[in-house]
Amino acid sequence: MEKRLFLLDGMALVYRAHFALAAKPIFNSKGMNTSALYGFTQTLLDILNKQKPTHIGVVFDTDKPTQRHKDFADYKSERQSMPEDLSAAMPHVFRMIEGFNIPVITCDGYEADDVIGTLACAAEREGFTTYMVTPDKDFCQLVSERIFIYKPSRMGDAVELLGITEVLQKWGVNQVSQVVDILGLWGDSIDNIPGVPGIGEKTASKLITQYGSIENLLAHTHELKGKLKESLETHREQALLSKKLATILCDAPCLLDIESLQLKPMDSEKVKSLCLEFEFNTIGRRLFGEDFRATRSGKTVEAEAEADEPASDQVQTSTPARELRPFAEGEKDYRICNSIAEQESLVQQLKQAGELAIAVDATHIESRQARIRGVAFSRAKGTGYYFPNVEGLLERLAPVLQDRSKVLIGHDLKYQLGVLRWHGQKVQRKCYDTQLAHCLLEPDVKHTIDYLSETVLGCTLSAPASQTLTGELDLAPAQDENLFRQCIEGADAALQFWEKLAPQLKEKGQEQVYFRIEGPLVPVLVEMEFEGIKIDSNALVEFSQQLSSQMAGWEKEIHQMAGCEFNINSPKKLGEILFDVLKLIEKPKKTKTGQYATDEQTLLSLSKVHPMVGKLLDWRAANKLKSTYAETLPLAIWPKTNRVHTTFGQALTSTGRLQSQNPNLQNIPIRTDLGKEIRRAFVSRDKDHLLLAADYSQIELRIIASICGEPALSEAFRTNADVHTATAAKVYGVAIEAVTPEMRGKAKMVNYGIAYGISAFGLAQRLNIPRKEAAEIIENYFTQFPAIRAYMCDTVDFARKHGYAETLSGRRRYLRDINSSNATIRSAAERNAINAPIQGSAADMIKLAMVGVHAQLEDLGLRTRMLLQVHDELVFDLYIPEQETVTTLVKREMEQALPLSVPVEVDIGIASNWLEC
């Protein structure tokens, strides 16, 4: 009989189960979130019933630091704390494991990964076939002839089993052991493993395929060129450290106790008691027969499907109990239009459709790099037409796409329209994007087409549409009928999504937000991404050299002050210098791993204690500018246009703020003189153009004044007074003329901090003043501005009652922790409730301005183009002869975008580069 050992990655599976049901969690009648317990138990049952293990164990981490934490203080430092609901469920997960008579395995000082690796290798030597039950990709490095990864089913997907062949194919390597080399180069944002800057998964795979290992690659960097060579040589030690951090150990001090892992019968009474306690009727009937029943609030729940747990044996993401059916089920009128004559005939019919759904079959995740294999349309449920990209296709489709009186529906329409735009086709129809609609309705869950198909329609698509957008694919038009069908299903599904979501927009009060802001913004962003912005790479090279020179000078000064040379980039060594050698303070703060804390906040608090600390902060800031911008931005220049084309994300933030990716231009520094220099490299298109930058002045403070109606604050804006000086005069009880720069600075910090629910502790840290003084400043502030305190209290009360806060436009931010029993978690939700109407209204305002400005530029036929949106600022390529017209319309549209009860000011600058604007 084959010996089959299943080792479960306990915490990974529990987290996975919890978040699989995050959209509609399972609660029992006592109000406990049982999603994690339910999902984990279902996974356990699937393994026991279908895989027939002979041996089994569940492995967990402990809270003891590991060698990885000692080697790298920031290891896993970015991980968020465990959700409160999940933390409450963990003791019951262990009770369930105990009920099934399965051993829990831990080893202090070692992660669960290392324990699984050690046991799997030991079991292999004993002739076992081992299955590592985990969703974690890192385990691919351990796969062998007798060690496999078992990824449990989720959201309707089948179980995935990965052996050597699958791992080699997935990672593109020659040996399984090379997976860890790829991870070392690529890094891991989840575990905060740094990797090598500028190297992603594909580049890492190519390099390791060529050189075999990181060590051999580093020995041959002289064979490489350009930024890749420089980055590898600069970050040599970081690459080796990252590989070490990513390597799963197989020699942890945990012995393989075969007898203890042998499968034993469950303790039926314990498991049955747990199913009754947590009201798991489906699991109970599965284990104990159809007569099993639990009671809720005195009512007996019989064998019908429960409303709060999935009926299938797999973890689903929607909780009315139902089986997911294939989307392809039932009659479908799907057609493939191969001939030009057939396409021309159908175009005449599609032109008449008032609402038409689209799906573009493209070859790359980035619209500018994608080739079009075909385009699908659907005009009624269950119908669809696929147009292979034969000669002249887009010209034939133009009449369908350019009728402004009609509607185009799609999922992630910005991507689809972007692909068409890069192929010369500018879509004019109104845009109904189901991804954005779902984002407004359910902002805290996924918005993929696969997820919506399951949760909105109760179906699974033939193949996840996202699989066609994971990288460069075959450039030829698809010949397989299944591929045609997938694209048509994408259009058909989008049409059906909209039918379901449109009424919900009205029910949840999000119609105005969608139809005035998010929907009209889609084509605006398509054009901005298409235009891009010109960057002077020579200016960045010069700036990089300037930074290197300054850093070298600061480094020399730092070493002189320290009395020795040391690695400034090493938190461990820096901590020893600051607190063991220089002894800056008596009781320095330490991290969880026992090292001295040397984060920015810690250094800021020490900046007045020793002059070396200021130099350290300067050095770190320059180093970040150099690596993040000066060296990286030139790599982002698209060779076909010689411009940088960022991608804007509409559905990525809870406040409604746009995000910028690949590259991220939202975080271009502005607050320091050195940081501002990055903007000098952003230049106008040519000699006929200048850059125009239009920036809202103190917009969040104006929104606060408008929302709360605070007379004193409003008056400052109406009289065009310096609002921070006016605030300081009120807070300190002095005349305007008596306000000192220091007083104004403190008042400014309070003005902006109030929007984020700043505390006395937070203000004291930011201003480096005693907490008592900070508390007095805040109390004086609220005494002088009582309407602001009333706004904060009223907003929190509203959020507690309704579960959300909303902007002036009606955008909602849902706050599930606003009534949490955990004071820390509840306080964070309260701060978000206070901030959401302010920051969210500012986000809505600039989006409305973008829609208005874009429409004006198009209607007037102007050559000026909008290029960037960065926080409260818009940047344009200004065609010089249009300067007066454009300046007037931009200022007007921005100021009138969202009417406030106080004046709105927009500062406009015009120059050849962004900095001078």
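Residues numbered from 1 in each chain as written. Predicted model: local features only at pLDDT ≥ 70, side-chain atom pairs only at ≥ 80, totals over all residues. Heavy atoms only, no water.

Chemist: It is not clear to me how the overall build of the chain should be interpreted in this structure. Could you clarify?
Modeler: Of the regular secondary structure elements, the chain holds 35 helices and 28 strands. For a compact globule of 917 residues, the expected C-alpha radius of gyration is about 29 Å, and the chain comes in at 30 Å, within 12% of that figure. In terms of its C-alpha atoms, the chain occupies a principal-axis envelope of roughly 85 × 80 × 70 Å. With 917 residues in all, the chain has 52% of them scored as buried. Restricting to contacts in the chain with at least 6 residues of sequence separation, those with at least 24 account for 69%. Carbon and sulfur atoms form 49% of the exposed surface of the chain, whose accessible area is close to 40400 Å². Positive and negative side-chain charges in the chain, numbering 105 and 122 respectively, have mean positions lying 2 Å apart. (Helix = DSSP H or I, 4+ residues; strand = E, 2+ residues; numbered from the N terminus. Rg over C-alpha atoms; globule rule 2.2 N^0.38 Å. Buried < 20%, exposed > 50% of the residue type's maximum accessible area, 1.4 Å probe, protein only. Contact = heavy atoms within 4.5 Å. Areas by Shrake-Rupley, 256 points an atom, 1.4 Å probe, with all protein chains shown as cover. Lys, Arg positive; Asp, Glu negative; His and termini not counted. Charge placed at Lys NZ, Arg CZ, Asp CG, Glu CD.)

Chemist: In this structure, what is going on with the pairing of strand β13 (residues 383–388)? I would like to understand it.
Modeler: Every regular strand shows the same layout, with side chains that alternate between the two sheet faces. Counting buried positions along β13 gives 6 out of 6 residues, so the element sits mostly inside the fold. Side-chain alternation along β13 places T383, Y385 and F387 on one buried face and G384, Y386 and P388 on a second face that is also buried. Alignment of strand β10 (residues 333–336) against β13, held across 4 bridges, turns out to be parallel. Across the sheet, the residue bridging to I336 is Y386, located in β13. Relative to β13, strand β12 (residues 372–378) runs antiparallel, the two being bridged by 4 bridges. Across the sheet, the residue bridging to V375 is F387, located in β13. (Pairing = 2+ DSSP bridges.)

Chemist: Is there a simple way to think about the environment of L815 in this case?
Modeler: Among the secondary structure elements, L815 is positioned in the loop between β25 (812–814) and α34 (823–859). A relative accessible area of 6% means that L815 is categorised as buried. Between the C-alpha atom of L815 and that of Y804, which follows or precedes it by 11 residues, the distance is 5.3 Å. Contacts of L815, omitting those with residues within four sequence positions, involve A799, G803, Y804, A805, A829, N832 and A833.

Chemist: Explain the sheet that holds strand β6 (residues 160–162) to me, please; I cannot follow it from the model alone.
Modeler: With respect to topology, 6 strands assemble into an open sheet ordered β3-β2-β1-β4-β5-β6, the strand pairing being mixed. Of all the strands in the sheet, just β3 (104–105) and β6 have a single pairing partner and so form its edges. Summarising the sheet, strand β1 (residues 4–9) and strand β2 (residues 55–59) pair through 5 bridges and their orientation is parallel. Bridging across to β2, D9 finds its partner in V59. In the packing of helix α2 (residues 35–51) onto the sheet, contacts are made with β1, β2, β4 (129–133) and β5 (147–151), and the angle to β1 comes to roughly 170 degrees. (Axes fitted to C-alpha atoms, helices over the stretch in contact; angles between N-to-C directions.)

Chemist: Help me understand helix α28 (residues 711–718), please; the structure alone is not making it clear to me.
Modeler: An α-helical turn contains 3.6 residues, so a residue and the one three or four places further along point in the same direction. Of all the positions in α28, only L713, S714, A716 and F717 are classed as buried. Taken end-on, α28 shows its buried residues confined to a sector of 155 degrees, consistent with a single buried face. Tucked inside the fold, the buried residues of α28 contact α27 (699–708), α29 (723–732) and α33 (786–802). Just downstream of α28 lies N720, where phi reads positive at about 60 degrees. (Arc of directions from axis to C-beta.)

Chemist: I'm lost on the sheet that holds strand β15 (residues 430–433) in this one. Help?
Modeler: Strand pairing in a sheet takes place through backbone hydrogen bonds and is either antiparallel or parallel in direction. The strand order across the open sheet formed by 6 strands is β10-β13-β12-β11-β14-β15, and the pairing between neighbours is mixed. This sheet does not close on itself; its edge strands, each paired only once, are β10 and β15. Recorded for the sheet is a direction-independent mean angle of 25 degrees between the axes of neighbouring strands. Across the sheet, helix α16 (residues 393–401) lies against β11 (355–362), β12, β13 and β14 (407–410), angled at about 30 degrees from β12, the strand it touches most. Across the sheet, helix α17 (residues 413–422) is in contact with β11, β12, β14 and β15; its angle to β11 comes to roughly 65 degrees.

Chemist: Teacher, can you tell me more about the side chain of S453 here?
Modeler: Along the polypeptide, S453 turns up in helix α19 (residues 449–456). What makes S453 buried here is its relative accessible area of 0%. If sequence neighbours within four positions are ignored, S453 has contacts with F327, G458, C459, T460, L461 and F497.

Chemist: Sorry, what's going on with the pairing of β1 here?
Modeler: Counting buried residues along β1, 6 of its 6 residues qualify, which places the element largely inside the surrounding structure. Residues of β1 alternate between two faces, with R4, F6 and L8 on one and L5, L7 and D9 on the opposite face, all of them buried. Sheet topology note: the β1/β4 ladder contains 5 bridges and is parallel. Within β4, the position partnered with F6 by the bridge is Y131.

Chemist: Would you mind showing me how to read the pattern of salt bridges here?
Modeler: If the charged atoms of two oppositely charged side chains come close together, the side chains can form a pair. According to the stated counting rule, one finds 56 salt bridges in the structure shown. We note a salt bridge from K847 to E518, for which the minimum N-O separation is 2.6 Å. Of the two residues, K847 sits in helix α34 while E518 sits in helix α21 (residues 511–531), which places them 329 residues apart along the sequence. E518 carries the same exposure label as K847, and that label is buried. (Salt bridge = Lys/Arg side-chain N within 4 Å of Asp/Glu carboxyl O.)

Chemist: Could you clarify how one ought to interpret the packing of helix α32 (residues 771–784) against α33 in this entry?
Modeler: To characterise two packed helices, one gives the angle between the axes of the helices and the distance between these axes. Between α32 and α33, the shortest axis-to-axis distance is 4 Å and the interhelical angle comes to 100 degrees. Classed by the angle they form, the pair α32 and α33 counts as roughly perpendicular. Along the contact surface, α32 presents E779, Y781, F782, T783 and Q784, while α33 presents P786, I788, R789 and M792. Its residues placed into classes, the contact of α32 with α33 shows 5 nonpolar, 2 polar and 2 charged. (Parallel < 35°, antiparallel > 145°, perpendicular 65-115°, else oblique. Nonpolar A, V, L, I, M, F, W, Y, C, P; charged D, E, K, R; others polar.)

Chemist: Please explain the state of the cysteines as it appears in this structure.
Modeler: Put plainly, two cysteines are in a disulfide when a covalent bond ties their sulfur atoms together. Within the structure shown, the criterion is met by 0 disulfides. Cysteine C337 shares no disulfide, and the gap to the nearest cysteine sulfur, in C487, comes to 12 Å. Given a relative accessible area of 2%, C337 falls into the buried group. For C487, a relative accessible area of 8% gives the class buried. (Disulfide = S-S within 2.5 Å.)

Chemist: I tried to follow the packing of aromatic side chains on my own but got confused; where do I start?
Modeler: Where two aromatic rings form a pair, the distance of their centres and the angle of their planes describe that pair. For the coordinates displayed, the defined rule picks out 23 aromatic pairs. Ring geometry for F798 versus Y804: centroids 5.5 Å apart, planes at 80 degrees, classification edge-to-face. Given a relative accessible area of 11%, Y804 falls into the buried group. When the ring centre of F327 is taken as origin, the NZ or CZ atom of K332, which lies over that ring, is 5.4 Å away. Sitting over the ring of W914, R679 keeps its end group 3.9 Å from the ring centre. (Phe/Tyr/Trp six-rings, centres within 6.5 Å; stacked < 30°, edge-to-face > 60°. Lys NZ or Arg CZ within 6 Å of the ring centre and 35° of its normal.)

Chemist: What is the right way to look at unusual backbone geometry in this model?
Modeler: It is generally the case that most residues other than glycine have a negative phi and that most peptide bonds are trans. In this chain, N662 is followed by P663 through a cis amide linkage whose omega measures 0 degrees. Checked against the element boundaries, P663 lands in the loop between β21 (659–661) and α26 (673–676). Phi at N642 takes a positive value of approximately 60 degrees, unusual for a residue other than glycine.

Chemist: How should the packing of α33 against α34 be read in this particular structure?
Modeler: Taken N-terminus to C-terminus, the directions of α33 and α34 make an angle of 110 degrees; their axes are 9 Å apart at the nearest point. Put simply, α33 runs roughly perpendicular to α34. Listed contacts from α34 to Y791, M792, T795, V796, A799 and R800 of α33 are E830, A833, I834, P837 and I838.

Chemist: Hey, could you run me through the nonpolar core in this one?
Modeler: Here is a general trend for soluble globular proteins: nonpolar side chains tend to be buried in one another's company. Residues F377, Y696 and I788 are the most contacted members of the largest nonpolar core, which totals 176 residues. With sequence-adjacent residues up to four places away left out, I788 is seen in contact with I704, C708, E710, L713, I754, Y781 and F782. In this structure, I147, V173, L232 and L261 belong to the second largest nonpolar core, which totals 50 residues. (Core = buried A, V, L, I, M, F, W, Y, C linked by side-chain atoms within 4.5 Å.)

Chemist: I would appreciate a short explanation of α32 in the present structure.
Modeler: Given a rise of 1.5 Å per residue, 14 residues ought to cover 20 Å, and the 20 Å separating the end C-alpha atoms of α32 matches this to within 8%. Restricting attention to buried positions, one finds in α32 the residues A774, I777, I778, Y781 and F782. Looking straight down α32, one finds its buried side chains confined to an arc of 130 degrees; they lie on one side. Residues of α32 that are exposed and angled more than 90 degrees away from the buried face: K772 and T783. Buried-residue contacts for α32 involve α29, α30 (741–754), α31 (760–767) and α33. (Expected span 1.5 Å × (residues − 1).)

Honestly, that's just the spatial picture; any functional story needs more than this.
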